[in-house]
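Chains, contacts and geometry: an overview
The lines below spell out each chain.
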Amino acid sequence: RKAWPTVAALDPRAAFGVAAMMRWDCEARIAARLMLREPIWPLEPPLPLEYKFVAADTIVRLESYHRQCAEAACRAIRDEAWCKRIYNKASCPHCQGKSGSSTQNLRMNDWWISYTMQSAEALRSRPAASTVRSEDFVLSIVHKTFSTSLCDISSDCMQKIKSAVVLFCKEIDTVIGQVKI
């Protein structure tokens, strides 16, 4: 068990296999949560050697947990009030998000819609906040939405984007954390 945290950090699938094989329930739950960062279906070779010793129903329950987390995240994103609450929280309380030009404000709204839609798609296979928190993921949507270099986007807009992403990811973690393993 001493080496298990290291294995879990490097290879959650192998860590899950070991934990399930040894009947370490707590560690298996931790590994299952870590596995949300990666797509796990379809199960294709190379499978961790440890999976040979894991009951098929355990693997099915893992798949079900992964799918339930994805469904919970997507359900939350489809909830307009949920998304609006996050976006509004990210707004400056003094100007209610009306910073910069009206064009940039419209682009911010477009960015938020694109971000949430693309997040829902990404979270279907990798239902973890880290999936939609990555700088590459966020900035690719910023570039597509604003059609300009980052230097041309106001610092207020960039700050709101950062705040919205942080709040969104925190809320996604909360939603996923409510799914029972």
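Relevant structure appears above.
Here goes a summary of the coordinates provided. (Residues numbered from 1 in each chain as written. Predicted model: local features only at pLDDT ≥ 70, side-chain atom pairs only at ≥ 80, totals over all residues. Heavy atoms only, no water.)

Another aspect to go through is helix α2 (residues 12–22). Inspection of α2 places P12, A14, A15, F16, G17, A19 and A20 among the buried residues, and these make up the whole buried set. Tucked into the core, α2 has its buried residues touching α1 (4–10), α3 (25–34) and α4 (56–78). A positive phi of about 60° marks R23, the residue just after α2. (Buried < 20%, exposed > 50% of the residue type's maximum accessible area, 1.4 Å probe, protein only. Helix = DSSP H or I, 4+ residues; strand = E, 2+ residues; numbered from the N terminus. Contact = heavy atoms within 4.5 Å.)

Turning our eyes to something else, we now look at unusual backbone geometry. Although it is not a glycine, R23 adopts a positive phi angle of roughly 60°. For R23, the location among the structural elements is in the loop between α2 and α3. Residue class for R23 comes out exposed when judged on its relative accessible area of 72%.

What follows deals with the environment of Q178. Note that Q178 resides in the segment after α9 (155–177). Look at Q178 and you get exposed, because its relative accessible area is 57%.

Our next topic: the environment of K144. Of note, K144 is situated in helix α8 (residues 135–146). The class for K144 is exposed, based on a relative accessible area of 58%. For the pair K144 and W111, spaced 33 residues apart in sequence, the C-alpha to C-alpha distance is 8.5 Å.

Below, the discussion takes up the pattern of salt bridges. Tallied over the entire structure, the rule returns six salt bridges. With a closest N to O distance of 3.7 Å, R33 and D173 form a salt bridge. Here R33, found in helix α3, pairs with D173, found in helix α9; they are 140 residues apart in sequence, far enough to count as distant. In this structure, D173 and R133 form a salt bridge, with 3.7 Å as the shortest nitrogen-oxygen distance. Of the two residues, D173 is situated in helix α9 and R133 in helix α7 (residues 129–133); the sequence distance between them amounts to 40 residues. Relative accessible area serves as the criterion here: at 43%, R133 is assigned to the partly exposed category. A network of salt bridges, in which partner residues are shared, links R33, R133 and D173. (Salt bridge = Lys/Arg side-chain N within 4 Å of Asp/Glu carboxyl O.)

Once that is clear, we can look at the layout of surface pockets. A volume near 460 Å³ is recorded for the largest pocket. If you go around the largest pocket, you meet 21 residues; those closest to its centre are F16, D25, A28, T58 and R61. Only α2, α3 and α4 provide two or more residues apiece to the lining of the largest pocket. The dominant element in the lining of the largest pocket, judged by the number of residues it contributes, is α4, at six residues. When its residues are assigned to classes, the lining of the largest pocket shows 13 nonpolar, three polar and five charged. Reported here for the second largest pocket is a volume of approximately 220 Å³. Forming the walls of the second largest pocket are I77, E80, C83, K84, Y87, N88, N109, W112, I113 and T116. Within the residue set of the lining of the second largest pocket, elements represented by two or more residues are α5 (80–89) and α6 (102–125). Among the residues forming the lining of the second largest pocket, the class breakdown is five nonpolar, three polar and two charged. (1 Å grid on protein atoms, 1.4 Å probe; cavity = no way out; pocket = protein on both sides within 12 Å on 5 of 7 lines; lining within 4 Å. Points joined across faces, edges and corners; volume = space filled by probe spheres on them. Nonpolar A, V, L, I, M, F, W, Y, C, P; charged D, E, K, R; others polar.)

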